[in-house]
Amino acid sequence: MKKRMIAIALLIVMLFALSACGGNEQAAPAAQPAAQTDAPAADQPADQTDSEVTAVATENAIPDGSGVVTLTSKAQGFSIDFDSDKYVAMENPVGNIDIFAGQDEGIPKCTVSLRLKENTEDAAAYLKSVAQDIEAEKGKDMVVKAGEPQKIGDRDIYYIAFTFKDKEAGGNVQTAYYAQNLKSGDVAVFTSSALEGQTEDVDAILKLAVQSFKFGA
């Protein structure tokens with residue numbers, strides 16, 4: 001009887017041991033899938049339609065942070081762009097727009113104006129009269145004469161340039177005139193003056209002014 005009890009006890013111990021081993025051999029539960037989100041993949045292309053619309057809408061806009069702003073002559077009704085981070089511009093009493101590249105209201109300086117068709121001839125004729133007037137005024141102080149107006153590009157723009165001695169300015173002054181025939185029959189005039197060899201700023205000012213000039217509706 002004693003032997004039988006010992007055998008039963010051993011059997012119970014073996015059963016518990018087998019049960020424990022079987023628990024350890026069970027496969028681990030499968031990993032749960034990562035939570036899904038509605039966000040598109042990082043390399044997913046942006047909506048093409050929206051991009052095209054944005055491009056068209058901003059094609060002619062002034063870039064943010066560029067410093068370029070639009071100034072309108074209230075008296076004459078035209079507007080130009082200029083870099084307000086670098087230069088100072090204002091409408092003068094007769095309605096012209098002056099842009100100063102220096103620290104005061106002297107040179108280097110640019111001026112944009114409008115000559116109404118009833119008060120002037122076409123661009124080339126106007127520049128011829130300017131050349132004649134400046135040569136008569138400066139006389140022997142003329143260093144380089146203007147010569148005949150030269151047509152520039154496809155935009156019906158004419159150009160003259162001349163140089164004269166100016167003691168008050170402290171040297172030779174280079175002056176450039178651009179005159180554009182407008183469809184209205186009026187003439188837009190762009191001028192610059194700076195000491196010889198120091199025209200970089202006024203050249204940049206005039207380039208932007210000519211490109212951005214708008215008159216009327």
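For the structure itself, look to the data block above.
Reference entry: report on the structure contained in this document. (Residues numbered from 1 in each chain as written. Predicted model: local features only at pLDDT ≥ 70, side-chain atom pairs only at ≥ 80, totals over all residues. Heavy atoms only, no water.)

Some details on the overall build of the protein chain
Condition: Secondary structure elements are defined from DSSP: runs of H or I of at least 4 residues count as helices, runs of E of at least 2 residues count as strands, and each element is numbered from the N terminus. Partly exposed describes any residue whose relative accessible area lies between the buried limit of under 20% and the exposed limit of over 50%, with all areas from a 1.4 Å probe on protein chains only and scaled to the type maximum. Residue contacts follow a heavy-atom distance rule, with two residues in contact if any of their heavy atoms lie within 4.5 Å.
Counting its secondary structure elements, the protein chain contains four helices and 11 strands. Every one of the 217 residues in the protein chain was classed for burial, and the buried ones make up 30%. Pairs at least 24 apart in sequence give 39% of the contacts found in the protein chain among residues at least 6 apart.

Quick word on the layout of surface pockets
This is how the line gets drawn: Using protein atoms alone on a 1 Å grid, points that fit a 1.4 Å probe yet trap it form a cavity, whereas open point sets bounded by protein on both sides within 12 Å along at least five of seven lines form a pocket; residues with an atom within 4 Å of a point count as lining. Grid points are joined across faces, edges and corners, and a volume is the space filled by probe spheres set on the points. In this count, Pro and Cys sit with the nonpolar residues alongside Ala, Val, Leu, Ile, Met, Phe, Trp and Tyr, while Asp, Glu, Lys and Arg are called charged and the others, Gly among them, polar.
If you add up the space inside the largest pocket, you get close to 330 Å³. Around the largest pocket, the lining comprises 21 residues; the ones closest to its centre are Tyr159, Ala176, Tyr178, Asp203 and Leu206. Where the lining of the largest pocket is concerned, the elements lending two or more residues are β8 (157-166), β9 (171-181) and α4 (200-212). A per-class count over the lining of the largest pocket returns 11 nonpolar, six polar and four charged. In this structure, the second largest pocket encloses a volume near 270 Å³. Considering the residues around the second largest pocket, the lining is formed by 15 residues, among which Ile134, Phe164, Thr175, Tyr177 and Ser193 are closest to the centre. Listed by contribution, the elements that provide at least two residues to the lining of the second largest pocket are α3 (123-138), β8 and β9.

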